[in-house]
Amino acid sequence: MSDLPGGGIGHRRVYYGWLVLAATLTVGFVQVASRNPLLSVFIKPMTAEYGWSRAEVSLMAGVGFAIGGVVAMAVGPLMDRYGPRRFIVAGVAILGLSFMAISGVSAAWQFYVLLSLGRLADVGFMELGGSVAVANWFFRRRGRALGFYSVATRVGTAIWPLLAQVFIVAYGWRAGWLAVGAGVLVFALVPAALFLRRRPEDMGLTPDGLPGAPSASGAGAAKVETSFSLRQALRTPAMWLLMVANCFALMVAIAINLHMYPRLTDAGLSESVAIIVLTMVAVLSGAGALIWGFIVERLHVRWSMPLAMALCAVGLVLLVFARTPAMAYAYAVVYGLALGGFLSLTPTMWATYFGRESLGAIRGFTFPALQLLAALSPVFAGWVYDVSGSYTWAFIPFAGLYVVAAALVAMARVPERLARAAVSPT
């Protein structure tokens, strides 16, 4: 709670940024309905009906992400100028309606188009807009705020597959899609439309609700944040190192999310164990997001991010060798906590290195490559399975990519101009 302009001396009001955060929590909760953990529970019933291979399903799943990456590149600068609200509201509506429509498809191409449309809305509008909205309203508390946002996405990752599975078992896969699409609209459309705003400065406020701009004076005080334009960021080695690292890590995470459930059942584990593991990864990644959100306020993201990525590699190795429920649960604990760190630290990393003013444009620039690789990696994993009957020779290289990504982030020094003019929220 903070003193706000117009409130009178000593009058205390809730900082509006917390309302913005609350609205983005609903967006984060529903946007993951388009992600691979949910799709993974539809793979077997839909492939059984249509006769698709797993590589084909993976390709269908990736096209929308790839197109969404291109859309995000164009939308990012517009979000910096106009704010993310209108884009997020449009994204929620498109995602919900397209998934409801999947329940009525009668041909594979219809599923292909509708799934791609929903995923485009997620990546092109909702994912970028949610993280930009939170980063714009917080500086000192950015780590924990983005941690809470990531918790919402991880809770959604846990809830949506369970909801879909209930409807699939009781009524079939078509009812599962209908329930998911309706849920997206119910939970997020109104909060996003009512409460999202561009930046605190537009309302006469300051980041974190401080009574004045962050001061450079005083022991341990944060200095005034300085931001890079996209053109300036592209001239720094850090921009390219972070972009490649983010691409490597995310492409692995996306592939594992899609193929985790079938990998576990292929290893002889029951579907009940597989869904428990899927849920554990989602829940623990939510807890991990919050934990890492506080860690990054004390340990610079240049070091906390590589640590999270390295632990993701360890967890993935456990998945490769998981043949018993105990091994599968051990994988869920390690990978879930680490994955929550990687996902929650990603928007913190970009805001810490390059500031708020052009954050949408900078992150949007990275999205085409990011989402293209994220679209291809599940296809690669599915192809490896189709050819060899095992995911091993896909997952082992994936673990190596997590390690390479960790090394690249550790190499990325904060650009000198920002290092002199701003202090990250650590």
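As the structure is a computational prediction, the values presented were derived from the model and not from experiment. (Residues numbered from 1 in each chain as written. Predicted model: local features only at pLDDT ≥ 70, side-chain atom pairs only at ≥ 80, totals over all residues. Heavy atoms only, no water.)

A. View of the overall build of the chain. Assigned secondary structure in the chain consists of 15 helices and zero strands. Counting only residues that meet the buried cut, the chain has 59% of its 426 residues in that class. Nonlocal contacts in the chain, meaning residues at least 24 apart in sequence, comprise 84% of its contacts between residues at least 6 apart. Total accessible area on the chain is roughly 15500 Å²; 70% of this is exposed by carbon and sulfur atoms. (Helix = DSSP H or I, 4+ residues; strand = E, 2+ residues; numbered from the N terminus. Buried < 20%, exposed > 50% of the residue type's maximum accessible area, 1.4 Å probe, protein only. Contact = heavy atoms within 4.5 Å. Areas by Shrake-Rupley, 256 points an atom, 1.4 Å probe, with all protein chains shown as cover.)

B. Highlighting empty space enclosed by the protein. Enumeration over the complete set of coordinates arrives at four cavities of 30 Å³ or more. Lining the largest cavity are 27 residues, with Gln-31, Arg-35, Glu-127, Leu-250 and Leu-343 sitting closest to its centre. Those elements that place two or more of their residues in the lining of the largest cavity are helix 5 (108-137), helix 6 (142-171), helix 9 (237-266), helix 12 (325-354) and helix 13 (359-388). Residue classes in the lining of the largest cavity are distributed as 13 nonpolar, 10 polar and four charged. (1 Å grid on protein atoms, 1.4 Å probe; cavity = no way out; pocket = protein on both sides within 12 Å on 5 of 7 lines; lining within 4 Å. Points joined across faces, edges and corners; volume = space filled by probe spheres on them. Nonpolar A, V, L, I, M, F, W, Y, C, P; charged D, E, K, R; others polar.)

C. Local environment of the pattern of salt bridges. Taken as a whole and judged by the stated rule, the model has four salt bridges. Between Glu-297 and Arg-144 there is a salt bridge; the shortest N-O distance is 2.7 Å. Of this pair, Glu-297 sits in the loop between helix 10 (271-295) and helix 11 (301-320) while Arg-144 sits in helix 6; the two residues are 153 residues apart in sequence, bridging distant segments of the chain. When its relative accessible area of 8% is taken as the criterion, Glu-297 is described as buried. (Salt bridge = Lys/Arg side-chain N within 4 Å of Asp/Glu carboxyl O.)

D. A look at helix 1 (residues 16-31). In this model helix 1 runs 23 Å from its N-terminal to its C-terminal C-alpha over 16 residues, within 8% of the 22 Å that 1.5 Å per residue would give. Every buried residue belonging to helix 1 is among Tyr-16, Gly-17, Val-20, Leu-21, Ala-23, Thr-24, Val-27, Gly-28, Phe-29, Val-30 and Gln-31, and all of these are buried. Buried-residue contacts for helix 1 involve helix 4 (85-102), helix 5, helix 6 and helix 7 (173-195). (Expected span 1.5 Å × (residues − 1).)

E. The packing of aromatic side chains, seen in detail. Enumeration according to the criterion identifies 23 aromatic pairs in this entry. Taking 5.7 Å as the distance between ring centres and 45° as the angle between the ring planes, the aromatic pair formed by Tyr-16 and Trp-137 counts as tilted. A residue pair is termed long-range when its members are at least 10 positions apart, and Tyr-16 in helix 1 and Trp-137 in helix 5 qualify at 121 residues. Comparing Tyr-16 with Trp-137 shows no difference in burial state: the two are buried. Members of the aromatic cluster, connected to one another through ring pairs, are Phe-380, Trp-383, Tyr-385, Tyr-391, Phe-395 and Phe-398. (Phe/Tyr/Trp six-rings, centres within 6.5 Å; stacked < 30°, edge-to-face > 60°.)

F. Inspection of helix 14 (residues 392-411) at higher detail. With 20 residues, helix 14 extends 29 Å from end C-alpha to end C-alpha; this agrees with the ideal 28 Å at 1.5 Å per step. The complete set of buried residues in helix 14 reads Ala-394, Phe-395, Phe-398, Ala-399, Tyr-402, Ala-405, Ala-406, Leu-408 and Val-409. Turning to helix 14, the residues buried within the fold contact helix 9, helix 11, helix 12 and helix 13.

G. Up close: the environment of Ala-193. Positionally, Ala-193 belongs in helix 7. Sequence separation between Ala-193 and Ile-88 is 105 residues, and the spatial gap between their C-alpha atoms is 8.4 Å. Ignoring any residue separated from it by four or fewer positions in sequence, one finds Ala-193 in contact with Arg-85 and Val-89.

H. Spatial organisation of the confidence of the model for the chain. Residue-level pLDDT values for the chain average 83, and 89% of them are 70 or greater. Of the regions scoring below 50 in pLDDT, residues 213-223 engages in 18 contacts with residues more than four places distant in sequence or in other chains. A low-confidence stretch, residues 419-426 stays under pLDDT 50, and its non-local contacts, those more than four residues away or across chains, total 25 contacts. (pLDDT = per-residue confidence, 0-100.)

I. Up close: the packing of helix 6 against helix 12. Relative orientation of the contacting elements helix 6 and helix 12 amounts to 140°, with a least axis distance of 9 Å. Considering their axes alone, helix 6 and helix 12 lie oblique with respect to each other. Considering how the two elements wind past one another, helix 6 and helix 12 form a crossing that is right-handed. Here Arg-142, Gly-143, Leu-146, Gly-147, Ser-150 and Arg-154 of helix 6 lie close against helix 12, whose contacting residues are Leu-339, Gly-340, Leu-343, Ser-344, Pro-347, Thr-348, Ala-351 and Thr-352. Grouping the constituent residues of the contact of helix 6 with helix 12 by class yields five nonpolar, seven polar and two charged. (Axes fitted to C-alpha atoms, helices over the stretch in contact; angles between N-to-C directions. Parallel < 35°, antiparallel > 145°, perpendicular 65-115°, else oblique. Left-handed = near helix turned anticlockwise from the far one by under 90°.)

J. The packing of helix 10 against helix 12, seen in detail. Put simply, helix 10 and helix 12 touch, their axes get as near as 6 Å, and they point 35° apart. Of the two elements, helix 10 crosses helix 12, and the hand of that crossing is right-handed. Classifying every residue of the contact of helix 10 with helix 12 by side-chain character gives 18 nonpolar, six polar and no charged.

K. Molecular detail of the nonpolar core. Counting residues in hydrophobic clusters, the biggest one holds 126 residues, and the most contacted among them are Phe-42, Trp-177, Ile-256, Phe-354 and Tyr-402. At 18 residues, helix 9 tops the list of elements feeding residues into this core. (Core = buried A, V, L, I, M, F, W, Y, C linked by side-chain atoms within 4.5 Å.)

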